[in-house]
Amino acid sequence: DAGVIQSPRHEVTEMGQEVTLRCKPISGHDYLFWYRQTMMRGLELLIYFNNNVPIDDSGMPEDRFSAKMPNASFSTLKIQPSEPRDSAVYFCASSWVGLGETQYFGPGTRLLVL
Amino acid sequence: GQQLNQSPQSMFIQEGEDVSMNCTSSSIFNTWLWYKQEPGEGPVLLIALYKAGELTSNGRLTAQFGITRKDSFLNISASIPSDVGIYFCAGLHVGNTGKLIFGQGTTLQVKP
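Residues numbered from 1 in each chain as written. Chains lettered and ligands numbered in written order. Predicted model: local features only at pLDDT ≥ 70, side-chain atom pairs only at ≥ 80, totals over all residues. Heavy atoms only, no water.

Can you walk me through the overall build of chain B in this structure?
Helix and strand counts for chain B stand at 0 helices and 11 strands. A compact globule built from 112 residues would reach a C-alpha radius of gyration of about 13 Å, and chain B, at 13 Å, matches this within 12%. Principal-axis analysis of the C-alpha atoms places the extent of chain B at approximately 45 × 25 × 20 Å. Burial status across chain B gives 44% buried among its 112 residues. Considering only residue pairs separated by 6 or more positions, chain B has 55% of its internal contacts joining residues 24 or more positions apart. Accessible surface for chain B amounts to roughly 5,200 Å². Of this, 51% is attributable to carbon and sulfur atoms. (Helix = DSSP H or I, 4+ residues; strand = E, 2+ residues; numbered from the N terminus. Rg over C-alpha atoms; globule rule 2.2 N^0.38 Å. Buried < 20%, exposed > 50% of the residue type's maximum accessible area, 1.4 Å probe, protein only. Contact = heavy atoms within 4.5 Å. Areas by Shrake-Rupley, 256 points an atom, 1.4 Å probe, with all protein chains shown as cover.)

Below, the structure is given as C-alpha cells:
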C-alpha cells in the first residue's frame with residue numbers, strides 16, 4: 001500500500017515567493033497533520049484536519065501560512081509570502097481513529113527560502 | 001508548547017551494546033508511540049502502545065507503557081550500525097484527540 005505522499009520533495013525559492021506544499025494521505029485515514037521540523041525547535045504541529053475539516057490551527061506561525069483540505073485525498077500548505085526563516089522540513093502525516101490514532105508520516109518537503 | 005522530556009539527548013555506543021531511552025511527562029497519556037527518523041526521511045513508526053503497563057516488542061526493539069501513564073521507555077538490544085538515527089517518543093494526551101506531543105528526540109550513533 002502507498003504511504004503518505006508529499007510533493008515536491010525539495011523546494012528552493014526566493015524570499016517573497018509563494019510556496020505550495022502538497023500531501024496525499026493514506027487512503028481511508030480520517031486525520032491529516034502538517035508538521036514543521038527544524039534543528040532549533042524540533043517537530044512542531046502546525047495544523048490538523050479531521051474529515052477534511054480544520055480542527056486545530058494554533059500551531060500555524062502567522063497569517064502567511066494557510067492550509068486547505070478540499071477532499072479526503074489531498075491537502076495543501078501554502079506560505080505567501082515566504083521568508084528565509086520558513087526554511088525547514090515540512091511533514092504531512094495521516095492517521096485513522098481506529099488505529100488508536102497512530103500517525104504515519106510522509107517523506108517530507110525540504111524547503112529553502114533564500 | 002507542551003513537550004515530553006526525552007533522554008538521553010544523544011548516545012554514541014559500540015555495535016552489539018544494548019540501548020535504553022525514555023520519555024516522561026507531568027501529565028497522563030493514553031497512547032505512546034516510538035518513531036525512528038533517518039537522515040532525509042520522515043519519522044517511521046516503530047512501536048505503538050495503548051495500555052498502561054503494556055510491553056511490546058518488534059524484533060530487537062522493546063517498548064513499555066509506564067504504569068503511571070506518564071512515561072515510556074524503548075530498549076534496543078544488540079545494536080547494529082543500521083540502528084543509527086533519531087528516535088522520537090510521542091504521546092497522545094488524554095482528552096486531546098489526534099494531537100500528538102513529541103519528545104525532543106534521542107540521536108543514536110553506533111560504532112562498528
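Please explain the state of the cysteines as it appears in this structure.
Chemically, a disulfide is nothing more than a covalent bond linking the sulfur atoms of two cysteines. Taken as a whole and assessed by the stated rule, the structure comprises 2 disulfides over all chains. A sulfur-sulfur separation of 1.9 Å characterises the disulfide bridge that pairs Cys-23 of chain A with Cys-92 of chain A. The chirality of the disulfide connecting Cys-23 of chain A with Cys-92 of chain A is left-handed, given an S-S dihedral of about -65°. Here Cys-23 of chain A, found in strand 3 (residues 19-24), pairs with Cys-92 of chain A, found in strand 9 (residues 88-95); they are 69 residues apart in sequence, far enough to count as distant. Covalently, Cys-23 of chain B is tied to Cys-89 of chain B through a disulfide, its sulfur atoms 1.7 Å apart. Because the sign of the S-S torsion sets the handedness, a value of about -85° for the bond joining Cys-23 of chain B and Cys-89 of chain B places this disulfide among the left-handed ones. With Cys-23 of chain B in strand 3 (residues 19-24) and Cys-89 of chain B in strand 9 (residues 85-93), the pair connects residues that are 66 residues apart, well separated along the chain. Assessed through its relative accessible area of 0%, Cys-23 of chain B is described here as buried. (Disulfide = S-S within 2.5 Å.)

Explanation requested: the packing of aromatic side chains in the structure shown.
The relative placement of two aromatic rings is captured by the distance of their centres and the angle of their planes. All told, the structure shown has 12 aromatic pairs over all chains when counted by the stated rule. Taken together, a centroid distance of 5.4 Å and an interplanar angle of 85° make the contact between Phe-105 of chain A and Tyr-35 of chain B edge-to-face. On the criterion of chain membership, the pair formed by Phe-105 of chain A in strand 10 (residues 104-105) and Tyr-35 of chain B in strand 4 (residues 29-37) is interchain, its members lying in two chains. Judged by its relative accessible area of 11%, Phe-105 of chain A is buried. When the centroid spacing of 5.9 Å and the interplanar angle of 40° are considered together, the rings of Tyr-35 of chain B and Phe-102 of chain B count as tilted. Of this pair, Tyr-35 of chain B sits in strand 4 while Phe-102 of chain B sits in strand 10 (residues 100-102), placing them 67 residues apart in sequence. Phe-102 of chain B matches Tyr-35 of chain B in its accessibility class, with the two residues each being buried. (Phe/Tyr/Trp six-rings, centres within 6.5 Å; stacked < 30°, edge-to-face > 60°.)

How do you make sense of the nonpolar core when you look at a structure like this?
Grouped burial of nonpolar side chains is what soluble globular proteins tend to show. If you look at the biggest cluster of nonpolar residues, it comprises 22 residues, and the most contacted ones within it are Trp-32, Trp-34, Leu-74 and Leu-108 of chain B. Contributions of two or more residues to this core are made by strand 2 (10-14), strand 3, strand 4, strand 5 (44-49), strand 7 (61-65), strand 8 (71-76), strand 9 and strand 11 (106-111) of chain B. (Core = buried A, V, L, I, M, F, W, Y, C linked by side-chain atoms within 4.5 Å.)

What am I meant to see in the interface of chain A and chain B here?
On the side of chain B, 18 residues touch chain A, which itself brings 21 residues to the contact. Of the roughly 1,500 Å² buried where chain A meets chain B, counting both sides, 53% is carbon and sulfur surface. For the pair chain A and chain B, the interface holds 4 residue pairs in polar contact (both at pLDDT 80 or more). Broken down by secondary-structure element, the contributors of at least two residues to the side of chain A that touches chain B are strand 4 (31-38), strand 5 (42-50) and strand 10 of chain A. The greatest single-element share of the side of chain A that touches chain B, amounting to 4 residues, is contributed by strand 4 of chain A. Classifying every residue of the side of chain A that touches chain B by side-chain character gives 11 nonpolar, 6 polar and 4 charged. (Buried area = accessible area lost by both parts, 1.4 Å probe. Polar contact = N/O pair within 3.5 Å; in protein donor to acceptor, adjacent residues only side chain to side chain. Nonpolar A, V, L, I, M, F, W, Y, C, P; charged D, E, K, R; others polar.)

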